[in-house]
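Remarks on the overall topology
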Amino acid sequence: MEKDWMASGDSPASVTSGWGVYASMTFMLAVASPLAPASDAGSGGMMTADALKARPAWISTDSSSAEVERVDVRHFSSDASATLQQRLQTLKTTLGLTITDMAELFGVARPSIYAWLKGQEPRPDNVERLATLESYAEKVDALALPRVDKLIKRPLKSGASMLLLIKDGRAVDRALDELAHIARTEHDQRMTQKGRNKLWTAREAADYVSSEGVEKDS
């Protein structure tokens, strides 16, 4: 009669047959788990139509496609009643900017940014500059990129980063597509690695059971 080592508290090494069944089941689950549809990585939930529509724009159902269909997932607030202080803080948060980044975008010294964030009124030309930067931030925010503070500083194919393109007031449509592609590729790589880690864990369990069985027989 096969002994239930989980209920009895015995060590796995003492019940080789039980471990064999357990390892086989673990291996099958590990292989199948990367294929299971889920509403988000690690959530365990099933993908629904609403969840599919709500996914960030950089996630594509077809990893071979060079084009990314953008989903309008906006967190950027263009509230007309927001104060300049609030708008500056929103810009900083949306693009993941540091005080130094902000100073470079506005062409001012760091103390000016600190003063503005505390409520001091910027000059009219800097207010106009803020409106221009907000238009860029809204486009970036629509992609809902992960780790946006890192991605906007990454050199793109043109040699310039998104942050530099924004600073220079250049067109960013191609850069947005490239950032979306990078985010999607890195997301797929992370999911693949997670699947490999699960599979390796199952193999280790099977190897452990096999080695314990050999030692017991000898």
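The structure contained in this document is the topic of the report that follows. Sequence positions are assigned chain by chain, starting from 1 and proceeding in written order. With pLDDT at 70 or above as the cut-off, local features in this predicted model cover only qualifying residues; side-chain atom pairs require 80 or more to be listed or tallied, and sums for whole chains, interfaces and linings still use all residues. The basis for the side-chain values is all heavy atoms of the structure; hydrogens and waters are excluded.

**With respect to the nonpolar core**
We count it as follows: By nonpolar core we mean a set of buried residues, namely Ala, Val, Leu, Ile, Met, Phe, Trp, Tyr and Cys, connected to one another through side-chain atoms within 4.5 Å. Note on classification: 1.4 Å probe, protein chains only; a residue is buried when its accessible area is under 20% of the maximum for its type, exposed when over 50%, partly exposed between these limits. Strands are runs of DSSP state E lasting at least 2 residues, helices are runs of H or I lasting at least 4, and numbering of each runs from the N terminus.
If you look at the biggest cluster of nonpolar residues, it comprises 36 residues, and the most contacted ones within it are Leu 91, Phe 106 and Met 162. When contributions to this core are tallied by element, the ones reaching two or more residues are helix H4 (84–95), helix H5 (99–106), helix H6 (110–117), helix H7 (124–141), helix H8 (148–151), helix H9 (162–168) and helix H10 (173–217). Looking at which element gives the most residues to this core, the answer is H10, with six residues.

**Looking at the pattern of salt bridges**
Quick reminder of the rule: Salt bridges are counted wherever a side-chain nitrogen of Lys or Arg sits within 4 Å of a carboxyl oxygen of Asp or Glu.
Under the counting rule described, the total for this entry stands at six salt bridges. Of the charged contacts in the structure, one is a salt bridge between Glu 134 and Arg 87, with a shortest N-O distance of 2.8 Å. Of this pair, Glu 134 sits in helix H7 while Arg 87 sits in helix H4; the two residues are 47 residues apart in sequence, bridging distant segments of the chain. Measuring nitrogen to oxygen at the nearest pair gives 2.5 Å for the salt bridge that ties Arg 154 to Glu 186.

**As for H5**
What counts here: Whether two residues are in contact is decided by their heavy atoms, any of which lying within 4.5 Å being enough.
The element H5 is extensively covered by neighbouring structure, given that six of its eight residues are classed as buried. Turning to H5, its buried residues number three or more, namely Ile 99, Asp 101, Met 102, Ala 103, Leu 105 and Phe 106. Of the surrounding elements, those touching the buried residues of H5 are H4, H6, H7 and H9.

**Looking at the packing of aromatic side chains**
The condition is simple: Any Phe, Tyr or Trp ring, taking Trp's six-membered ring, that has another such ring centre within 6.5 Å forms a pair; planes under 30 degrees apart are called stacked, those over 60 apart edge-to-face, and the others tilted.
Tallied over the full model, the rule gives one aromatic pair. Arranged with centres 5.2 Å apart and planes meeting at 80°, the rings of Phe 106 and Trp 116 form a pair that is edge-to-face. With Phe 106 in helix H5 and Trp 116 in helix H6, the pair connects residues that are 10 residues apart, well separated along the chain. Trp 116 matches Phe 106 in its accessibility class, with the two residues each being buried.

**As for the packing of H4 against H5**
Note the following rule: What counts as an axis is a line fitted to C-alpha atoms, over the stretch in contact for a helix, and the angles between N-to-C directions run from 0 to 180 degrees. These descriptions rest on fixed angle ranges, namely under 35 degrees for roughly parallel, over 145 for roughly antiparallel, 65 to 115 for roughly perpendicular, and the rest for oblique. Definitions for this section: a left-handed crossing has its near helix turned counterclockwise from the far helix by less than a right angle. A right-handed crossing has that turn clockwise. Each residue is assigned to one of three groups, with Ala, Val, Leu, Ile, Met, Phe, Trp, Tyr, Cys and Pro labelled nonpolar, Asp, Glu, Lys and Arg labelled charged, and all others, Gly among them, labelled polar.
At a minimum axis distance of 10 Å, the contact between H4 and H5 shows a crossing angle of 110°. The angle between H4 and H5 falls in the class roughly perpendicular. H4 and H5 meet at a crossing whose hand is right-handed. Here Leu 88, Leu 91 and Lys 92 of H4 lie close against H5, whose contacting residues are Ile 99, Met 102 and Phe 106. Of the residues in the contact of H4 with H5, the class split is five nonpolar, no polar and one charged.

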